[in-house]
Amino acid sequence: MVAAPKTVTILGSTGSVGVSTIDLIERDPAAYKVVALTGNGNWKKLAEQARRLSPDMVVIADPAHYADLKAALADTNIGVAAGPEALCEAASLPSDWVMAAIVGAAGLKPTLAAVERGASVGLANKECLVCAGTLFMARVKAHKATLLPVDSEHNAIFQVFDFEQKDKIRKIILTASGGPFRTWSLGDMAKVTPAQAVAHPNWSMGAKISVDSASMMNKGLEVIEAHHLFGMPSEQIDVLVHPQSVVHSMVEYTDGSTLAQLGTPDMRTPIAYALGWPKRIPAPTGKLDLAQLGSLTFEAPDYKRFPCLGLARAALQSGGAAPTILNAANEVAVARFLAGEIGFLDIAAIVEHTMTRVSVQSVATLEDVVAVDGEARRVAAAAKNLSAAAE
Ligand code: NAD
Ligand code: MG
């Protein structure tokens, strides 16, 4: 008997992870039926994806593009909607598997909508767990949703983490490429342009995560993400710089064994793992040739040149609203940097400034998260050129 196709929803289908997910689906079209696709500004790409995949519904988050998208799909019977509420509607439509690949806290409500109907969720949108980790994980449990980490490090850990013998795990080790400025001085980093910051040496990704990788805030966000996904305290989550991005992360056991997952730096491997789970499916990624590579290197992260890493650890330690504030401030600071408004080092300065200005209350409800996130965004948007002022 031929198995029924897996029904799939892709939140953030027009982005880097979304496009890689579609690439895998189109390599085995009989195995999948796409239920919904969502995007934000790029309505042309969304319309083109919709024509190829014939979902039941497409949603453009930015309502300004609704008319264009609607007109582009007028001769089809694909439902078209716009706005943040419609994103949640798309996520709520029944489907077996959801790719959560919206960038930033904007992905929180739609991803929760998928969680709340007990879907299997491939989670790329790490900001969900940073801004509302405790609440998010409680809902995963309450609604018996299945969370499948897509972030390459967390996917690697998921593959080698013995959930039955968690007490035998000494620590998890998140590897980090170190980004394009790994060896740069602070003085040189003060002058980098957005184009330099988004040019990642190993991975091809969206602009926001590329800047996060350059500042190493990405690794800080990933420490918080790992804490929530695997229930490990900050002290048992190490960061190790590994410039080749081949060892995607490791788990160290109390018997002295360290298990790792390796692969070429291509998101289609972790996406395929999450899409096929619990079975493995093929991915068209390059074969890992260790003889050709010759050597893999590792070094300790530098918390002085990459202060975002320490800020994220401090936020995790403080708990409550601190990670929500960190995330919101970082989103605003990165957007301001990409717009050419502030320097690269101002990102960390603005995050730190915001963390000291917004009070760390508890975030028990989604409304609390939204309120703290909004307040942190206002403070971060108003912050002046802080790193220059400090010099
Ligand atoms: P991207 O910028 O390429 O794509 C983001 C997607 O989100 C797009 O579809 C965009 O239209 C949509 N979007 C943006 N703002 C939105 C809003 N306000 N409302 C609704 N939709 C919105 O980003 P990406 O690189 O694909 O990353 C997506 C997520 O996956 C991020 O959280 C990132 O940290 C995580 N991630 C990405 C990679 C990678 O290799 N790209 C690796 C690991 C984790
Ligand atoms: Mg990652």
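As the structure is a prediction and not an experimental result, all values here were calculated from the model.

Peer 1: Which residues make up the overall build of the chain, and what values go with them?
Peer 2: A count of helical and extended segments in the chain gives 18 helices and eleven strands. The globule rule puts the C-alpha radius of gyration for 391 residues at 21 Å, and the 20 Å found for the chain is close to it. Dimensions along the principal axes, computed over C-alpha positions, put the chain at roughly 60 × 50 × 40 Å. Counting over 391 residues, the chain shows a buried share of 53%. If you take every contact in the chain between residues at least 6 apart in sequence, the share linking residues at least 24 apart comes to 67%. Counting every atom, the chain has about 16,500 Å² of accessible surface; 55% of that belongs to carbon and sulfur.

Peer 1: Got a sec to walk through the domain arrangement of the chain? Specific residues and values, please.
Peer 2: Domain annotation for the chain reports domain 1 (6-149), domain 2 (152-266 + 289-306) and domain 3 (319-386). If you look at the interface, domain 1 gives twelve residues, while domain 2 gives 16 residues. Summing both partners gives a buried area of about 1,200 Å² for domain 1 against domain 2, and 69% of it is carried by carbon and sulfur. It is Lys126, Val130 and Pro149 in domain 1 that bury the most area against domain 2; as a group they hold 50% of the surface buried on that side. At the junction of domain 1 with domain 2, the criterion picks out two salt bridges.

Peer 1: For the site of ligand 1, give the residues involved together with the corresponding values.
Peer 2: Neighbouring ligand 1 are 23 residues, the closest being Thr14, Ser16, Asn40, Glu127 and Gly206. In the environment of ligand 1, an oxygen atom lies 2.7 Å from a nitrogen or oxygen atom belonging to the side chain of Thr14. Within the side chain of Glu127, a nitrogen or oxygen atom sits 2.6 Å from an oxygen atom of ligand 1. Here ligand 1, which alone exposes 820 Å², has 86% of that area covered by the protein. Across the shell around ligand 1, the residue classes break down as eleven nonpolar, nine polar and three charged. Counting only domains with at least three residues in the shell around ligand 1, you end up with domain 1 (6-149) and domain 2 (152-266 + 289-306).

Peer 1: Any details on the packing of aromatic side chains? Residues and values, ideally.
Peer 2: For the coordinates displayed, the defined rule picks out nine aromatic pairs. Relative to Tyr273, the ring of Phe158 has its centre 6.3 Å away and its plane inclined at 85°; by these criteria the two rings are edge-to-face. Residue Phe158 is located in helix α7 (residues 152-160), and its partner Tyr273 is located in helix α12 (residues 268-276); the two are separated by 115 residues in the primary sequence. The pair Phe158 / Tyr273 is uniform in exposure class, with both members buried. Summarising the aromatic geometry, the rings of Phe161 and Phe163 are spaced 4.6 Å apart at their centres and angled 50° between planes, so their arrangement reads as tilted. Of the residues examined, Phe161 reaches a relative accessible area of 7% and is grouped as buried. Among the residues examined, Phe163 registers a relative accessible area of 44% and is labelled partly exposed. Three or more aromatic residues joined by ring pairs make a cluster, and in this case those are Phe158, Phe161, Phe163, Phe230, Tyr273 and Trp277.

Rules of the game
- Counting restarts for each chain: residues are numbered from 1 in the order of the written sequence.
- Naming scheme: in the order in which they are written, chains are lettered from A and ligands are numbered from 1.
- Only residues with pLDDT of at least 70 are given local features in this predicted model, and only at 80 or more are side-chain atom pairs given and counted; all residues enter the totals for whole chains, interfaces and linings.
- Calculated side-chain values reflect all of the structure's heavy atoms, with hydrogen atoms and water omitted.
- The way it works is that DSSP assigns letters per residue, a run of H or I at least four long becomes a helix, a run of E at least two long becomes a strand, and they are numbered from the N terminus.
- The globule rule used for comparison is 2.2 Å times the number of residues to the exponent 0.38, while the radius of gyration itself is calculated over C-alpha atoms.
- Using a 1.4 Å probe on the protein chains alone, a residue whose accessible area is under 20% of its type maximum counts as buried, one over 50% counts as exposed, and one in between counts as partly exposed.
- Throughout, a residue-residue contact means that at least one pair of heavy atoms, one from each residue, lies within 4.5 Å.
- Note on areas: these come from Shrake-Rupley sampling with a 1.4 Å probe, and a residue is covered only by the protein chains present in the view.
- Domain borders in the structure are assigned automatically or taken from a domain database.
- Throughout, the accessible surface (probe 1.4 Å) given up by two parts as they are put together, summed over both, is called the buried area.
- Should a side-chain nitrogen of Lys or Arg be within 4 Å of a carboxyl oxygen of Asp or Glu, the pair is scored as a salt bridge.
- Summary of the distance rule: residues count as near a molecule or strand when at least one heavy atom falls within 4 Å of that molecule or strand.
- Polar contact criterion, stated in full: a pair of N or O atoms within 3.5 Å, where within protein one must be able to donate a hydrogen and the other to accept it, and residues adjacent in sequence count only if both atoms are side-chain atoms.
- Under the scheme applied here, ten amino acids are nonpolar (Ala, Val, Leu, Ile, Met, Phe, Trp, Tyr, Cys and Pro), four are charged (Asp, Glu, Lys and Arg), and all others, including Gly, are polar.
- Two aromatic rings, drawn from Phe, Tyr or Trp (for Trp, its six-membered ring), form a pair once their centres lie within 6.5 Å of each other, and the interplanar angle then sorts them: stacked below 30 degrees, edge-to-face above 60, tilted otherwise.

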